[in-house]
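Summary of structural features
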Amino acid sequence: MMFRFWGRLMTTCLLLFAVSWLFAACSIEQTTPVTTAEPRITTETNSKQAILPEQKPDMASGELRLWWSKRQTLNPLLDNSQSGQSVNCLIFDGLFFIDEHQMIQPALADEVLWTGSQENSAVDIRLAAGFEFHNNQPVTAADVKACIDFIKANSAQSPYALQLSGVVAAEVVDDLTIRLFLGQPDPWLAYALTFPVVPAVSLKAGSGELFPGTGIFQMAAFDVNTGLLLTRHRPTEEINALKQIRVIPYADPADALRALEEDQIDLIDLSPDLYRKMSLRGSLRFDHYPAGDLIFLFYNTKPGRVLADENRLTYVKRILTASAVHQTGIFPTTEQAEIPLSRSSFILADGYPLSEIGSVDMIESAWPEGSGQPVIVFPAHDQLRSQVAEVAEDLLGQAGIKATVRPLAEASFRAALLSGQFDIAVLEARLPHEPDMTWLYAANRPKTYSLLDQITGPTMMDYDLWLNRMEASLELAALVPDHDKAALLYNLYETDVRSFWSCLMIRQSAVLYGDRVIGQCKPIRQNPYNGVEELWIWPGRSS
């Protein structure tokens, strides 16, 4: 199946705009080291796991037992639970999916064709021929339109409504083509089209009715109390292939974790907080992955505050770097992140120069005597951010800057942010699925990040200049994913050093294996159970 991005009019406009801004940045000679994705780290289990063979034996696999939260409906378009969305990835496909490098890939779609102008933006999505739902009915453009209409009509309940907010309307062109009308051109549109596609008729189904998808596994039976039975839909000749999954309902992740410890389920996707706690135990086996929760520092540069002076701000930013924080060794379940992007993202495929190069015109920094004591605030309930604040205090102290650390209740923390009664705040934000870093640096952010618009202050000299260059080069990267990213990374670096942010780390989640499991998943943020079909489950109970 071929996949073609035909930009035509929109691509031409964006390319011309991007090239005009990139001219200056591309002329700067750089040496960038090659960066590869961080390998998955597996912590070996105790002796219970050792009794199982290392390779899948030539015998039938047992039933894999997963969990999800208790529910009355199986409609994936209304499932807001992480446990449910993880299971749904095994049953349903979207028009596109996001791979381990944060790159968009075709699933049910085959072709994207921009048909409108920048004033009247429209795009045609051509479906690949031959796809059928589990009920043997063909996948059509009418089904896709019905899903989009349903999501928008149920915007308060659907987790996919926000990502489709830029789609004004949809219409069927023919059986395999759907036309989307957008409020404005969006080079990241395909990332919004990853919602599960189901038959239009299923959207009228009653409580407890099964939903056909197009994934590897299909819904076979459902009971509110005992859970959902999945059977393998795509045929395989392997005698030891995993052919059946049972999804058992539990009240919450803590209950599911106890069930795994009691050998009632075989696999669980841990939240960052649970992974952090469970990683302290040495007898468990994990596969971790970046969860998408960014921890970063915000500097209050408003008049009258300690860091309103550019020299002091620059000096502090050079102290409180992601590298310095991670060298303490107390954040093992996080990924170091100098920018709001995972190191596995395709944006960083051409290198990771942010720690190796220096700005050509960086402001000389210093901390004059009598400059005052910066106040560091963070939400008291968050243990990780509490540790970040303590490390920041220590690093500043080593540089001769005495800081005051203030843990605050959630309401008091928000009030301090809005009133500006702080100098450094330890913040957290959920990264968007697309590798678009402008949410952190640009004004007029999406609603998800609207609080940042209310608290930001003045930036350093030439910040807007470099931001515009970065935005233009990022649009080019979105349209041409295999384009050289050196100019983008340089523009990003120059923007970041002039900002009032310091990115530090991304929280990690993990898949935790039970004692009966042989093999490994390849978990990613969008699909924690990616590769689960390759597992083999011991049919008997573990010892």
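Residues numbered from 1 in each chain as written. Predicted model: local features only at pLDDT ≥ 70, side-chain atom pairs only at ≥ 80, totals over all residues. Heavy atoms only, no water.

**A closer look at the overall build of the protein**
Going by this rule: Numbered from the N terminus, helices here are DSSP runs of H or I no shorter than four residues, and strands are runs of E no shorter than two. Only protein chains enter the calculation, and the probe is 1.4 Å; a residue is then buried if its accessible area is under 20% of its type maximum, exposed if over 50%, and partly exposed in between. Contact criterion: two residues are considered in contact whenever any of their non-hydrogen atoms come within 4.5 Å of each other. Throughout, the Shrake-Rupley method with a 1.4 Å probe supplies accessible areas, and for residues the shown protein chains are the sole cover considered.
Check the secondary structure of the protein and you find 15 helices and 20 strands. Taken across its 543 residues, the protein has 53% of its residues classed as buried. Of the contacts made within the protein by residues no fewer than 6 positions apart, 74% connect residues no fewer than 24 positions apart. Split by element, the accessible area of the protein, about 23500 Å² in all, is 51% carbon and sulfur.

**Details of helix α10 (residues 383-398)**
Stated precisely, the cut-off is as follows: A helix's residues, less one, multiplied by 1.5 Å, set its expected span. As used in this structure description, the phrase polar contact means that two N or O atoms lie within 3.5 Å; if the pair is within protein, one of them must be able to donate a hydrogen and the other to accept it, and residues adjacent in sequence are counted only when both atoms belong to side chains.
The end-to-end C-alpha distance of α10 is 23 Å, a good match for the 22 Å that 16 residues give at a rise of 1.5 Å each. Those residues of α10 not exposed but buried are Leu 384, Arg 385, Ser 386, Val 388, Ala 389, Val 391, Ala 392, Leu 395 and Leu 396. Residue Asp 382 occupies the N-cap position of α10, its side-chain oxygen lying 3.1 Å from the main-chain nitrogen of Leu 384.

**Side note on the pairing of strand β18 (residues 501-513)**
Quick reminder of the rule: At least two DSSP bridges between two strands are needed for those strands to be called paired.
Extensive coverage of β18 is indicated by the burial of 13 of its 13 residues. With eleven bridges connecting them, strand β13 (residues 285-299) and β18 associate as antiparallel partners. Opposite Phe 286, over in β18, you have Leu 512 as the bridge partner. Where strand β14 (residues 334-336) and β18 come together, three bridges link them in antiparallel fashion. Residue Gln 336 lies in a different strand from β18, and its bridge partner there is Met 505.

**Quick word on the nonpolar core**
Counted only if it meets this: Grouping buried Ala, Val, Leu, Ile, Met, Phe, Trp, Tyr and Cys residues that are joined through side-chain atoms within 4.5 Å yields what is termed a nonpolar core.
Membership of the largest hydrophobic core comes to 154 residues, with the highest contact counts inside it found for Leu 180, Phe 195, Leu 267, Leu 320 and Leu 427. For this core, the leading source of residues is β18, giving nine residues. The contact partners of Phe 195, leaving out residues within four places of it in the chain, are Asp 93, Gly 94, Leu 95, Val 144, Cys 147, Ile 148, Ile 151, Tyr 160, Gln 163 and Leu 164.

**As for the packing of helix α14 (residues 463-479) against helix α15 (residues 486-497)**
Rules: Orientation is described by lines fitted to C-alpha atoms, with helices fitted over the stretch in contact, and by angles between N-to-C directions that extend from 0 to 180 degrees. If an angle is under 35 degrees, it is roughly parallel; if it is over 145, roughly antiparallel; if it lies from 65 to 115, roughly perpendicular; otherwise it is oblique. In a left-handed crossing the near helix is turned counterclockwise from the far helix by less than a right angle, and in a right-handed crossing that turn is clockwise. Throughout, the ten residues Ala, Val, Leu, Ile, Met, Phe, Trp, Tyr, Cys and Pro are labelled nonpolar, Asp, Glu, Lys and Arg are labelled charged, and all others, Gly among them, are labelled polar.
Where α14 meets α15, the closest approach of the two axes is 8 Å, and the angle between their N-to-C directions is 150°. Taken together, α14 and α15 sit at an angle that is classed as roughly antiparallel. The chirality of how α14 crosses α15 is left-handed. In this structure, α14 uses Tyr 463, Trp 466, Leu 467, Arg 469, Met 470, Ser 473, Leu 474 and Ala 477 to contact α15, whose residues at the interface are Leu 488, Tyr 490, Asn 491, Leu 492, Glu 494 and Thr 495. Residue classes in the contact of α14 with α15 are distributed as nine nonpolar, three polar and two charged.

**Focus on helix α3 (residues 82-91)**
Within α3, seven of the ten residues are buried, leaving the element largely enclosed by the surrounding structure. Within the span of α3, buried status applies to Ser 83, Gly 84, Ser 86, Val 87, Asn 88, Leu 90 and Ile 91. Tucked into the core, α3 has its buried residues touching β2 (64-69), β9 (217-223), β10 (227-232), β11 (244-250) and β12 (267-270).

**Re the confidence of the model for the protein**
Definition in use: One confidence number per residue, pLDDT, is output by the predictor and ranges from 0 to 100.
Looking at the protein as a whole, the pLDDT averages 85, with 85% of positions reaching at least 70. Residue range residues 1-50 is modelled with pLDDT below 50. Its contacts to residues more than four positions away, or to other chains, number 108 contacts. Per-residue pLDDT stays below 50 along residues 355-364; that stretch engages in 24 contacts with residues further than four places along the chain or on separate chains.

**Some words on the sheet that holds β10**
With mixed pairing, the four strands of this open sheet are ordered in space as β2-β11-β10-β9. Two strands close off the open sheet at either side, each with one partner strand: β2 and β9. On average, adjacent strands in this sheet sit at an angle of 25° to one another, irrespective of strand direction. Of the strand pairs in this sheet, β2 and β11 are connected by six bridges, and their pairing is parallel. The residue bridging Trp 68 from the neighbouring strand is Pro 249, located in β11.

**Examining the pattern of salt bridges**
Selection criterion: Each reported salt bridge corresponds to a side-chain nitrogen of Lys or Arg within 4 Å of a carboxyl oxygen of Asp or Glu.
Considering all chains together, one arrives at 23 salt bridges under this definition. Asp 79 is the salt-bridge partner of Arg 71, the closest N and O atoms lying 2.6 Å from each other. Across the pair, exposure class does not vary: Arg 71 and Asp 79 are buried alike. Between Arg 507 and Asp 273 there is a salt bridge, with its nearest N and O atoms 3.3 Å apart. One end of the pair, Arg 507, is in strand β18; the other, Asp 273, is in helix α7 (residues 272-278), and 234 residues separate them in sequence. A residue is classified by how much of its surface remains accessible, and Arg 507, at 6% relative accessible area, is buried. Through salt bridges that share partners, Asp 273, Asp 382, Arg 385, Glu 428 and Arg 507 make up one connected network.

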